[in-house]
Amino acid sequence: MTLLGSSPPRPDGAAKVGGTLRFGDDLPKEGLWYGATLRSPNPHARIRGLRWNPERAPKGAVCIIADDLPGPNGVQLLDDEWPVLAEGIVRHVGEPVAVVAAATMLAARQALGAIEVDYEPLEPTLDLSAAANQESLYTLELRSGQVEQELERAHLLVEGTYHTGYQEHIYIECQVMSAWWEADDKLVVEGSMQCPYFVHRSLIHVFGLPAERSVVKATPMGGGFGGKEDFPSVIALHAALLAKACDHPVRIAYDRHEDIIGTTKRHPSVVTHRAGVDAEGRLQAMEIEVVLDGGAYRTLSPVVLSRAVLHAAGPYRCPNVHIRGRVLRTHTPPNGAFRGFGAPQVQFAMERQMDRIGRCLGLDPLEIRLRNVLEEGDKLPTGQVMDESCSARLCLEKAARETDFQERWQHLEAKRRAPIDGESMQGVGLSLYFHGAGFTGNGERVLQSVVEAALLEDGRIEVRTAAVEMGQGCDTVLPMMAAEASGLRPEDVVLAPPDTSRVPDSGPSVASRTSMVVGSEVAHVVTEIRDRILDWWSNSQESGAAHTVEDGVVRRGNGESWPFRELARRYCETEDPLVVSRQHEPPEWQVFDEETYQGVAYPTYAFGADVVEVVVDPDTLEVRPRKVTAVCEVGRVLHERLCVGQVEGGTLQALGWGLMEEVKLEAGHYLNDRLATYIIPTIKDSPEMEVHLLERPWKGGAFGAKGVGELPMDGGAPAAVSAVENATGIEIDTIPATPERLLALTSAHRQVPSGPQDPKRGRRPGG
Amino acid sequence: MEDNHRKKQQQKGPESGVTRRHFLTGAGIGAAGLVAGAPVATGAAPTESAAIIEVGEMVPLTLRINGHPRLLLVEPRWSLAYVLREKLVMTGTKLGCDRGECGACTVLVDGVPRYSCMTLALEAEETEITTLEGLLEGEDLGDVQQAFKEHDAFQCGYCTPGQVMSVEGLLRSNPDPSLDEIRLGVSGNLCRCGAYPNIFKATRRAAELKRGKGDRS
Ligand code: FES
Ligand code: FES
C-alpha cells in the first residue's frame, strides 16, 4: 500500500515529449474539409436579412444558417437557451451567424464573403451597471441567523465593494472539433473537450438522433481549465451540421483570435460586503451581494453563481449571514466555466474584506484570520457542520510559520512608512481559502455517473470512464487508485479511450471531481473483477483457501503464487465475458435543499493558505511576485508530483488573473484579442514556488482525496494584492492590479488607514 | 510584470534580411501541374521573374529537415509550420497562435530556435531545420526530451514541443546556463499549465545529460 502518494511517471510522457501524441488538429482524416464561422460585428442587432450567394463562393462550398437546423436551435447545457446559430437577433460581438465549409481553409474563409447580412443595430447593454435594472439571468439567496439586528448591534461596521475582471483560458491548444457521418446516418464527432457526454447530449438534442447513432470521441487535450466544458458543444454542432451538408468530414479549428473573441471566459464580478464585528474583530454578521456578468446567454452561469454564493463567506465562522447572488445579462460573449467556477471571485472579495477589517482594528492579516477561522464543529451559512477534516487553521498556521509572516508583514509596514529613496518596495500578503469538493448540492445525485470495468483477453482490466486527460493526470492517477484498492499493478489496468460508444457516462471532467468521485468508483469496479476471478479460481481448486493479492501476484497460504494476469487470462478462456459497472451514489447524508440553500452543499472541503511576496517598482508600479508559499490540504495526496504541479499551475493562473490579465472591451468588442496584447505569465513572471501538501483524509471517499484542480485558483490573487498593499499602502479592491490601475488609485488617494479606526458606523464603502 | 515573449518574438524574427519582394523574385514561378506538397522527382530551376505570384501557384523548394532533404512544391505564402504540419504531417510541431506569440511552433533553423509560424517555408531553404521528431535518437528520446519526461516538465503537453526545442537551442549555444539564462531562453514559450518550475529542473538535467555525453566522447 505504498503506491498512492508516490510519483510514478505519466504513461503519456514519452508521447508528449516525443511528439507522437496526437491532439485534435493532428489527426489525419481522408477527404477532410474545413469549416469557418461568420460572426456578428454588432453587440446587439436584429438580423433583417441573411443571404448565401453560392455563385460568389468557391465551388462546392456549403453554408448553414439557423433556418437549416434539423431540430431545436439550442446548445443543451442546463437548458437550451444558447443558440447554435443566431436566429433573428445577435446578442454579442463574435456570435456565430453562419458557418461554411470548403475543401481548403482558404476556400472556407473566402466563402464567408459570399454571405450577406443586413443588421439593424439595437441598443446594447454593455456593463453590469447598465444591466442592474434589467431582468437577471438567474438569482439565488442564502440566509442564516439574524443579520439585520446583528449588524445594528455590532461594534464596528465595515463595508467594501470588490471587483474582479474577465479571465481568458488561453489553453495553448485552441478549440478544435471534427465531425463526419458514417453509414446508417451515424454521426461521429472527435476533438478537444472535457465532457464527451455534454457534447453527446447536444448532438442528440439538435439532430434528434438515437443515442447510439451519435458517437463522441475526446482527444487528448492541450489544456482545458473549464474552457472546454461548455464551448465544445457549440463547435461540435457546427462541424456536424457542415459535415452533413457537404458530405465530407469537416474540421473546425479556431485560430487564437477567434478563440479569444468567440469562447466563454471567467465571469467578471462585483461583490459588496457589509460586515459587523465585535471589538476583538470577530465576525458577528455579514451581508454579501454577489453580482456576476453572465454575458449574452445563461450557459452554465446558474451553477457558477451557486458555487460563488456557497463560497462567498469564505472559510470563516459567522453566525449571521445573508448572501444574495445575481447573474446579469449583458451584450458580451457568454461567460462560463473556468477553473474555480465562481469561488475565486467571491474569495478575492472576502479576503480583501478580512484585510480591511483587520486594518480598521489595527490587526494584521494573520491575527484577524486566526480570530475567525472555521474549525471543526463550526457551522457554514448553509447549516453544514464542519467535521474533523476541516483544516483551515492548520493551513493558516503552517503558511504563517513557514514564512515568518507576522514579523515580515509588520516589518514591511514600518518600512513603507519610512521609505528609503530609490529602494524598491516590498510586500507580503496572506490568503486563506477553501473549495467545496465535487459537484455542488445534489449535482452528483442528478448526474448518476457510471463507471465500468471489463476483463480483457490478455488478463488486463479495462476501465471505462469518460474522464479526459488534459494534463491534470487522470490517466496516471486512475490506474494507481485501482491498483491501490485491488493489489494489482497500475499496468494491469488499461483505460479505455473516452469515446461515448465505448465508455459509460462517468460525468464531466470538471469540479475537481475526477479523483474523488470517478476514482473511488474505478477502485470498486476493478476490485470487484479481481474478486470474481479469485472466487472462480478458489472454486476450481481443491481447497477454497483465501488468497492475498499484492503487486499483481496472487498468493495462497501454502506459499503458492501466480501472476494475477495469468489467472485472469485462464478465466477468459473458459468463462463468459466479465463486465461490471457501478453507479456513483453520493453519501446518504449529503442532502441539500435547493430552495432554501440549506444542507450539505459539498460532502467535504479542501483548504489552503498562500503567502505571496512581491516587489513593486516605485516609479512604474510594476508588480513582480517573488515567491509564493502555498499550503494546500487536499485530503489525500494521490500522486505527489502531479499534485504539486496542479498547485503551481493553478497558483500562477491566479497570479495572472490578479496582477496582469485584463480583457479590454470597447462597445462590446475585445480590444486585446491576441497573445501579444492579452498577457499571461511567462516563465519570467513565474515566482519561486514552495508548495506544502497536507493531508486530512475525508472518510467518505475511497482514499480520502478531496480534489486539487481548482483549489489553488482561489488563493493567489488576494494574497498577491494584499502584498502589494503591504508594499505600497495603496488600498486595492479591483483586479487585475495592473500598474495603470495602481497609478489611478494612487492619484485618487486610495491609501490604507494608518491606524485603527474609530468604531463609528457606516465606514465609507470601498468601491 | 514583464511580457518577454514579445521581445523574444522579435529576437526570433527573420534575421536573413530577406524582403518579401526579394524572395518572391528569387523564388520565381514554380512548375505548374505538380501536386501541392508532394515530393517531386526533379527540382525545376527557379526562373528569374519579378512577377507577382498568384495565390495557389506553387514553387519547388528543397528543405533539409532533420538531416533529410525534402523536395516540395509550396505556395510562397506558406509558413514553415504549415508545411511541416499539413504537407509533411510532422505534427510534433504545434500551433498555438500562428502569429509569433506563444512559441508552440518553435523549431531550430541552423541550430537556433525560430517560430516556424513566422518563418516562410521559402526562407528556410538552404538551412538545416530540426524539429521535435529530429531530436529522437532512433526509438529513444533525446537528452532534452528525456529530461522533460523525468522531471514532468509539462502537464497537457501542448506547449512541450516548443519548450523542448527552445531548450535544445539554448543548450547548443550555452551548455551550462544559469537560472536567468534558462528564463530568458524559454521566455518566448508560453505554458498555460504553469509547468515552469519543472521546466527549470528539466533544463538543468538536460544540460547534465548532454555534458555527460560530451565527457564520454
Ligand atoms: S504558433 Fe508560432 S508562436 Fe504561436
Ligand atoms: S504543458 Fe500545457 S501549456 Fe504547457
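## A word on the overall build of chain B
- In terms of regular secondary structure, chain B is built from seven helices and five strands.
- Mapped from its N terminus to its C terminus, chain B presents α and β elements in the order α-α-β-β-α-β-β-β-α-α-α-α.
- Each of the 217 residues in chain B was classed as buried or not, and the buried ones make up 53%.
- For chain B, the proportion of contacts with a sequence separation of at least 24, taken over those separated by at least 6, is 63%.

## As for the interface of chain B and chain A
- Each partner contributes to the interface: chain B provides 45 residues, whereas chain A provides 47 residues.
- A total of four residues in the side of chain B that touches chain A trace back to one element, the largest contributor, which is helix α7 (residues 196-216) of chain B.
- Of the residues in the side of chain B that touches chain A, the class split is 22 nonpolar, 12 polar and 11 charged.

## As for the sheet that holds strand β2 (residues 68-74) of chain B
Residues and elements named next belong to chain B.
- The mixed open sheet is built from five strands, whose spatial order is β2-β1-β5-β3-β4. The outermost strands of the open sheet, each flanked by one partner alone, are β2 and β4 (112-115). For this sheet the average axis-to-axis angle between neighbouring strands, irrespective of direction, equals 40°.
- Two strands pair when backbone bridges link them, and strand β1 (residues 59-65) and strand β5 (residues 128-130) are joined in this way by two bridges, in the parallel orientation.

## Here we look at the packing of helix α4 (residues 143-150) of chain B against helix α5 (residues 160-173) of chain B
Residues and elements named next belong to chain B.
- Two elements in contact, α4 and α5, have axes separated by 9 Å at closest approach and are oriented at 125°. Compared by their axis directions, α4 and α5 come out oblique. At the point where α4 passes α5, the crossing takes the right-handed sense. Every residue of α5 that contacts α4 at V144, Q145 and F148 is listed here: T160, V164, V167, E168 and L171.
- Classifying every residue of the contact of α4 with α5 gives five nonpolar, two polar and one charged.

## Section: helix α8 (residues 301-311) of chain A
- The element α8(A) is extensively covered by neighbouring structure, given that 10 of its 11 residues are classed as buried.
- If you check which residues of α8(A) are buried, you get A:S301, A:V303, A:V304, A:L305, A:S306, A:R307, A:A308, A:V309, A:L310 and A:H311.

## Description of the packing of helix α9 (residues 343-361) of chain A against helix α18 (residues 716-728) of chain A
Residue and element names in this part refer to chain A.
- α18 packs onto α9 with a crossing angle of 30° between their chain directions and a minimal axis gap of 8 Å. Pair α9 / α18 crosses with right-handed handedness. Contacts between α9 and α18 pair P344, Q347, F348, E351, R352 and D355 from the former with A717, P718, V721 and S722 from the latter.
- Tallied by class, residues from the contact of α9 with α18 come to five nonpolar, two polar and three charged.

## Describing the environment of A:G599
Residue and element names in this part refer to chain A.
- Looking at where G599 falls in the secondary structure, it is placed in strand β25 (residues 598-599).
- G599 sits in the partly exposed class, given 16 other C-beta atoms within 10 Å.
- Residues G599 and V494, 105 residues apart in the sequence, show an inter-C-alpha distance of 38 Å.
- In this structure G599 touches T382, G383, Q384, V591, F592 and D593, once residues within four positions along its chain are discounted.

## Focus on the pairing of strand β1 (residues 33-39) of chain A
All names here are of chain A.
- With six of seven residues buried, β1 lies mostly within the body of the structure.
- Pairing of β1 with strand β12 (residues 250-253) involves two bridges; the strand directions are parallel. By the bridge assignment for β12, W33 is matched with V250.

## Considerations on unusual backbone geometry
Residues and elements named next belong to chain A.
- Here the residue pair I735 and P736 is connected by a cis peptide bond, since its omega of 5° sits within 30 degrees of zero.
- Mapping P736 onto the fold places it in the loop between α18 and α19 (739-747).
- The backbone phi angle of D184 is positive, close to 60°, even though this residue is not glycine.
- Note on placement: D184 falls in the loop between β9 (176-182) and β10 (186-191).
- Given 6 C-beta atoms within a 10 Å radius, D184 is considered exposed.
- Located in the positive-phi region is L621, a residue other than glycine, with phi close to 60°.
- Structurally, L621 can be placed in the loop between β26 (605-616) and β27 (623-633).

## Notes on the domain arrangement of chain B
All names here are of chain B.
- Annotation of chain B at the domain level lists domain 1 (4-135) and domain 2 (143-216).
- Among the secondary structure elements, those contributing two or more residues to the side of domain 1 that touches domain 2 are α1 (4-12), β3 (106-109) and β4.
- Examining the composition of the side of domain 1 that touches domain 2, we find that five residues originate from one element, α1, more than from any other.
- Along the lines of polarity and charge, the residues of the side of domain 1 that touches domain 2 split into nine nonpolar, nine polar and three charged.

## Describing α4(B)
Residue and element names in this part refer to chain B.
- With seven of its eight residues buried, α4 lies for the most part within the structure.
- If you check which residues of α4 are buried, you get D143, V144, Q145, Q146, A147, F148 and K149.
- D152 sits one or two residues past α4 and shows a positive phi near 50°.

## Observations regarding the domain arrangement of chain A
Residues and elements named next belong to chain A.
- Taken domain by domain, chain A holds domain 1 (31-124 + 169-262), domain 2 (269-440 + 594-747) and domain 3 (443-583).
- Taken over C-alpha atoms, the centre of domain 1 sits 36 Å from the centre of domain 2.
- Tallying the contact residues gives 24 residues for domain 1 and 26 residues for domain 2.
- Among the residues making up the side of domain 1 that touches domain 2, the classes are represented as 10 nonpolar, eight polar and six charged.

Calculation criteria
Residues numbered from 1 in each chain as written. Chains lettered and ligands numbered in written order. Predicted model: local features only at pLDDT ≥ 70, side-chain atom pairs only at ≥ 80, totals over all residues. Helix = DSSP H or I, 4+ residues; strand = E, 2+ residues; numbered from the N terminus. Buried ≥ 20, exposed ≤ 12 C-beta atoms within 10 Å, placed from the backbone. Contact = placed C-beta atoms within 7 Å. Nonpolar A, V, L, I, M, F, W, Y, C, P; charged D, E, K, R; others polar. Pairing = 2+ DSSP bridges. Axes fitted to C-alpha atoms, helices over the stretch in contact; angles between N-to-C directions. Parallel < 35°, antiparallel > 145°, perpendicular 65-115°, else oblique. Left-handed = near helix turned anticlockwise from the far one by under 90°. Domains from an automatic or database assignment.

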